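These are the residues of each chain, in order.
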Amino acid sequence: MNFRPFALIFLLSLRLGVLGITDSVIQLNETDSTILLANDLISFGQVNEVLLFVFILLTWLILSRLLKTTSAIQNLTYQGVSLLGTVDGLTGQAYTDFPSNTFATTGNSSYEIVTGADWAGVIFTDNDTFGSTVQRSWFLHASEPGIHSFVRLAYYNDTVTSKGELGESRTMFRPNGGPWTHIITNSEQWAPLPGATAVANEVVVQDATWYLGLTPDDPYVIAESDYFTKYQFADNQTNKAHGLFGLAPDNVTTLGAWWVINQKDTFFGGPLHGDLMVDGIIYNKQSTNHGGATNPNITNGFDRTFGPQFLYFNHGNQTTGLQELLADAEQFADPSWNAEFYDEIASYVRGYAPSSVRGTFQAVVAVPEGALNPVAVLSANGVEFQNSAANFSAYQYWASVQDDGSVSIPRVKEGWYRLTVIATGIFGEYTQDNIIVNAGEVTSVSAKWDAESAGTELWRIGIPDKTAGEFRNGYERDLTHPNHPAKYRIYWGAWDYPSQFPNGVNFTIGSSNESVDWNYVHWSRFGPTFIRNETVTDINEWQINFELDEAPSENSIATFTMQLAGVETTAGNTDIASGSNPTVPILTYINDQSQPLNWTIQAYQSSSCGERSAISCHLLRNKLGFSGSWLVKGWNKLVIAIPFDAPVYIQYDALRLELNETSVQ
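Computed from a predicted structure; not experimentally measured.

Structural notes on the overall build of the protein
For step 1, the next point in the chain: Counting secondary structure elements, the protein contains 7 helices and 43 strands.
For step 2, the next point in the chain: Put simply, 72% of the contacts in the protein that link residues at least 6 apart link residues at least 24 apart.
For step 3, the next point in the chain: Here the protein has roughly 26,100 Å² of accessible surface; of this, 49% comes from carbon and sulfur atoms.

Rendered as C-alpha cells:
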C-alpha cells in the first residue's frame with residue numbers, strides 16, 4: 001500500500017529530555033524548541049522520489065502548562081494546512097476523555113519517548129491515588145501520513161474493588177474551524193457541514209438535535225435535511241473509516257482526515273453495535289452504553305488496551321472527491337496491515353497482543369436454506385456477542401461466510417470463544433461455545449446451523465435481520481433532499497406518526513405492505529415534536545389480522561416469535577431501574593382471550609434507539625406459546641399492546657406465528 005507524499009506537523013503534551021538519534025532510515029533530533037523527524041525516500045503512484053519530513057514542534061510554555069496534563073495533539077499541519085485550527089477550550093485538539101468520569105487524566109502524567117529505526121512514539125501515564133491508570137500512546141511511523149493511537153485503562157484496588165461501569169471512553173479529532181466542509185460516516189451517509197448562519201439560527205428540538213430550516217439556502221439543508229443531529233451520522237462496528245473532507249486555502253487541494261478502524265478486536269458488542277462516528281468531531285469510541293450497549297464493570301484487576309486505530313490524513317487535487325479519499329482511507333482497515341510495525345512497538349504498549357499470541361480460525365458452516373449474508377462472529381465465551389463486555393478481557397472478530405460455507409479469520413488472540421453465525425432471513429442464530437484458538441495454530445470447526453422451527457409457519461412480518469429497517473420510515477429514503485438519506489437517520493419527529501397512521505397500525509396478512517403499513521417504531525405516545533404541539537396517546541395498540549382455512553386442533557400448540565431491534569423503557573441506556581416505566585410489559589392478545597401473553601422487558605434490556613436515529617440497538621427475542629385452540633377458522637386477530645401514554649416504545653425486527661398440530665403428550 002502506498003501513501004500520498006506529505007508533511008505532517010503536530011504538537012504533543014510532553015516534556016522532553018535531550019534526545020538525538022541518527023539512522024539510515026530516520027532521523028530524530030531535538031533542540032530547545034523542535035524535534036525533527038525525517039525519513040529517506042518514499043513513493044506514491046507516478047511520484048518516484050519525495051522527501052518526507054515529520055516535525056514534532058514543542059514550546060516550553062505549552063509543555064509545562066497544557067500538553068503535559070492532557071496528552072493532546074495541537075497545531076497539526078498537513079500539506080501546509082492547519083487541520084485542527086487554533087486551540088479554544090477543548091476544540092482545536094485531538095485527545096481522549098471519559099464523559100462518564102469513571103476514569104480521568106489527573107494532571108500528574110509521566111511520559112516516555114520511545115523510538116525505533118523508522119518510528120517514534122510518546123506514552124503518557126496518569127495514575128490517581130485510587131488505583132486507576134490511564135495510558136495514552138501516540139506513534140508516528142515515518143512512511144505514513146497519520147498517527148497510531150492506543151488507550152490503556154487499568155484499575156487495581158484491593159480495598160475498593162469496584163468503581164462501576166466504564167461508560168464512555170473516546171478519542172476525538174476535534175477541530176476548531178479548519179478547512180472542513182463535509183462529514184462522512186461511510187460511502188452512503190455523508191453531508192455538507194451546516195454553515196455558520198444555519199448554526200446561528202438553529203432551533204433546539206431535543207438533545208443534540210436542531211432544526212435548521214430557517215436557513216433553507218444552507219448547503220446542508222439543501223442536500224440532507226431540515227434537521228441536524230449527531231446521531232444521524234452513526235454507524236455500526238463494520239465501519240472501516242469515517243471523517244472529514246475539505247478544501248485547502250489554495251482552492252485546489254482537497255483534504256481528508258479519518259479515523260481508520262484497522263483493528264476492532266479490543267472493542268465490545270460485535271459487528272451490530274452502533275455508535276457516533278462524526279458530527280464535525282471525528283470519534284473513535286473505545287466503549288459506550290449508546291444503544292443500550294453493555295459496557296464493562298470496572299473491578300479490581302481490570303486492565304484493557306484499546307487499539308490500535310489510525311488517524312489518517314490524505315489529499316487530492318480539485319477533481320478528487322470525498323468518496324475517493326474515503327476509499328483511500330478504507331484500504332487500511334485491515335487487521336493484517338502494519339502487523340510487523342505493531343509487533344515492533346508491542347513491548348512499549350502494555351496489553352497489546354502481538355502476532356506471537358495470535359492464531360487463525362477457520363470454519364465450514366452449513367447455513368439454512370434462504371440464509372443471506374451470513375456472518376460468523378467470535379466473541380466472549382458463553383454470552384451473546386452484544387454482551388461481550390461482560391468479560392472485559394475477551395476479544396471479538398467476525399467475517400462473512402462465503403458461498404461455499406467457508407470462513408477464515410486471521411490474527412485471533414489466543415483464548416476461548418463463542419462462535420455465533422447470523423444471517424438475514426433466518427430467525428435466531430447458531431451458537432457454539434468453547435472454541436479454543438491457540439497461538440501460532442489454525443483452529444478448524446465444522447458447523448451445521450439448523451433453522452429453528454416450532455411447526456408450520458402461518459405468517460411472518462418483517463425480515464429477521466436484527467434491524468427495523470424494512471418498515472416505514474426505516475431504510476426508506478427521504479426523497480425531498482438530494483442526498484436521499486434513510487429516514488430513520490433523521491430526527492424522528494419529522495415523520496409524523498398520527499398523520500401517517502391516522503387509524504393506527506391495523507395490518508392484514510396477505511394484503512398489507514410492511515414498508516407502508518407497519519411503522520419502524522411502535523410508539524406508546526407521540527409528541528410533542530417541532531411540528532406537533534400536542535401529545536397523541538391512543539396509539540399503544542397495534543393489530544394484526546390473518547385468516548385460517550381450518551381451525552387448529554384442540555391439542556395443537558401455536559408459537560408467536562418476537563425479535564426486537566430495540567425497546568426503550570425509562571431506564572434509557574443506563575440499565576438502572578429509573579423513571580415511571582423502568583420495565584415495559586408487551587402484552588399480546590389472541591382473538592377474544594382475556595389473558596394476554598406477557599413479555600416484560602427489564603431495565604437492563606432497555607435501549608434509547610429510534611429517538612436517537614437508530615434502527616438496531618440492544619437486540620431481544622422471545623417465543624410465546626399458547627394453545628392452538630385459541631385460533632379459529634376464518635379471521636383471527638392478534639393485538640400487541642404496550643403501556644398507555646408512557647415514554648416508551650418498541651422497534652420490531654421480525655414477527656412470526658407458527659402452529660404445531662402434534663398432540664400434547
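Having put the structure on the table, let's press on.
Quick look at the state of the cysteines
For step 1, the next point in the chain: All told, the structure shown has 1 disulfide when counted by the stated rule.
For step 2, the next point in the chain: Across a sulfur-sulfur distance of 2.2 Å, Cys609 and Cys617 are joined as a disulfide pair. Given an S-S torsion of about 95°, the disulfide between Cys609 and Cys617 has right-handed geometry. Judged on exposure class, the residue Cys609 and its partner Cys617 are both buried.

Examining the sheet that holds strand E18 (residues 209-211)
Within a beta sheet, neighbouring strands are joined by backbone hydrogen bonds and run either parallel or antiparallel to one another.
For step 1, the next point in the chain: Read from one edge of the open sheet, 3 strands run E17-E18-E19, paired in antiparallel fashion. On the outer flanks of this sheet lie strand E17 (203-206) and strand E19 (227-229), each paired with one strand and no other. Going across the sheet, the axis of each strand differs from the next one's by a mean of 30°, ignoring polarity.
For step 2, the next point in the chain: Where E17 lies against E18, 3 bridges are found, and the strand directions are antiparallel. Opposite Gln206, over in E18, you have Thr209 as the bridge partner.

Brief notes about the pattern of salt bridges
Two side chains bearing opposite charge may form a pair once their charged atoms approach each other closely.
For step 1, the next point in the chain: Applying the stated rule across the entire model yields 21 salt bridges.
For step 2, the next point in the chain: As a salt-bridge pair, Glu168 and Lys285 come within 2.8 Å of each other at their nearest N and O atoms. With Glu168 in the loop between strand E13 (162-165) and strand E14 (169-174) and Lys285 in strand E24 (residues 282-287), this residue pair connects regions lying 117 residues apart in the sequence. Here Glu168 matches Lys285 in class, with each residue buried.
For step 3, the next point in the chain: Via salt bridges that share partners, Asp97, Glu168, Arg170, Asp275 and Lys285 belong to a single interconnected network.

Notes on the pairing of strand E9 (residues 110-115)
For step 1, the next point in the chain: Pairing between E9 and strand E10 (residues 119-127): 6 bridges, direction antiparallel. Across the sheet, the residue bridging to Glu112 is Ile123, located in E10.
For step 2, the next point in the chain: Linking E9 back to E10 in an antiparallel pair, the connection comprises 3 residues.

A few points about unusual backbone geometry
For step 1, the next point in the chain: The residue after Gly307, namely Pro308, is reached through a cis peptide bond having omega 10°.
For step 2, the next point in the chain: Omega for the peptide link from Gly527 to Pro528 comes to 0°, which places this bond in the cis form.
For step 3, the next point in the chain: With respect to the element layout, Pro528 can be found in the loop between strand E36 (522-523) and strand E37 (541-548).
For step 4, the next point in the chain: Positive phi values are uncommon outside glycine, yet Ser613 reaches one of about 55°.
For step 5, the next point in the chain: For Ser613, the location among the structural elements is in the loop between strand E40 (597-601) and strand E41 (620-627).
For step 6, the next point in the chain: According to the relative accessible area criterion, Ser613 is buried, its value standing at 6%.

Notes on the nonpolar core
For step 1, the next point in the chain: Counting residues in each nonpolar core, the largest one holds 60 residues, and the members touching the most others are Trp518, Phe560, Met562, Leu564, Tyr652 and Leu655.
For step 2, the next point in the chain: Put simply, the parts of the chain that give this core at least two residues each are strand E34 (456-461), E37, strand E38 (557-568), strand E39 (584-590), E40, E41, strand E42 (634-641) and strand E43 (649-660).
For step 3, the next point in the chain: Aside from chain neighbours lying at most four places away, what touches Tyr652 is Thr467, Ala468, Phe471, Trp518, His522, Trp542, Met562, Gln563, Leu564, Ala565 and Ile640.
For step 4, the next point in the chain: The next biggest cluster of nonpolar side chains, apart from the first, holds 45 residues, and it includes Leu140, Leu255, Ala257 and Ala389.

Considerations on the sheet that holds strand E12 (residues 146-155)
For step 1, the next point in the chain: The antiparallel open sheet is built from 9 strands, whose spatial order is E9-E10-E11-E12-E26-E22-E21-E15-E16. A single partner strand is all that each edge strand has here, and the edge strands are E9 and strand E16 (190-192). Strand-to-strand twist across the sheet, computed as the mean angle between neighbouring axes with direction ignored, equals 15°.
For step 2, the next point in the chain: Pairing of strand E22 (residues 254-260) with strand E26 (residues 302-316) involves 7 bridges; the strand directions are antiparallel. Across the sheet, Thr254 pairs through a bridge with Gly316, a residue of E26.
For step 3, the next point in the chain: Each of strand E15 (180-184), E16, strand E21 (241-247), E22 and E26 is contacted by helix H4 (residues 322-330), which is oriented at about 35° to E22, the strand it contacts most.

Here's the deal with the confidence of the model for the protein
For step 1, the next point in the chain: On average, residues of the protein score 89 in pLDDT, and 89% of them are at 70 or above.
For step 2, the next point in the chain: Per-residue pLDDT stays below 50 along residues 4-27; that stretch engages in 123 contacts with residues further than four places along the chain or on separate chains.

Regarding the side chain of Ser287
For step 1, the next point in the chain: Turning to its location among the elements, Ser287 is positioned in strand E24.
For step 2, the next point in the chain: Separated by 2.9 Å, the side chain of Ser287 and the backbone oxygen of Gly167 make a polar contact.
For step 3, the next point in the chain: Once residues within four sequence positions are removed from consideration, Ser287 is found in contact with Leu166, Gly167, Glu168, Ser169, Asn295 and Pro296.

Reading guide: rules and limits
- Each chain carries its own residue numbering, running from 1 in the written order of its sequence.
- Given that the model is predicted, a residue must reach a pLDDT of at least 70 before its local features are reported, and side-chain atom pairs must reach 80 or more before they are shown or counted; all residues, however, enter totals for whole chains, interfaces and linings.
- Hydrogens and water molecules were not included; the side-chain quantities draw on all heavy atoms of the structure.
- Only DSSP runs of H or I reaching four residues or more are called helices, and only runs of E reaching two or more are called strands; each is numbered from the N terminus.
- The contact criterion used is simple: two residues touch if any of their non-hydrogen atoms lie within 4.5 Å.
- Working definition of accessibility: Shrake-Rupley area with a 1.4 Å probe, residue cover restricted to the visible protein chains.
- Sulfur atoms of two cysteines make up a disulfide when they are within 2.5 Å.
- Note on classification: 1.4 Å probe, protein chains only; a residue is buried when its accessible area is under 20% of the maximum for its type, exposed when over 50%, partly exposed between these limits.
- A pair of strands is considered paired only if DSSP assigns at least 2 bridges between the two.
- With axes taken as lines fitted to C-alpha atoms, and helix axes fitted only over the stretch in contact, angles between N-to-C directions fall between 0 and 180 degrees.
- Think of a salt bridge as a Lys or Arg side-chain nitrogen and an Asp or Glu carboxyl oxygen that are within 4 Å of each other.
- Nonpolar core, defined: a set of buried Ala, Val, Leu, Ile, Met, Phe, Trp, Tyr and Cys residues in which side-chain atoms within 4.5 Å join the residues together.
- pLDDT is defined as a per-residue confidence score from the predictor, taking values between 0 and 100.
- For the purposes of these results, a polar contact is taken to be a pair of N or O atoms within 3.5 Å, where, inside protein, one atom must be able to donate a hydrogen and its partner to accept one; residues adjacent in sequence count only when each atom of the pair is a side-chain atom.

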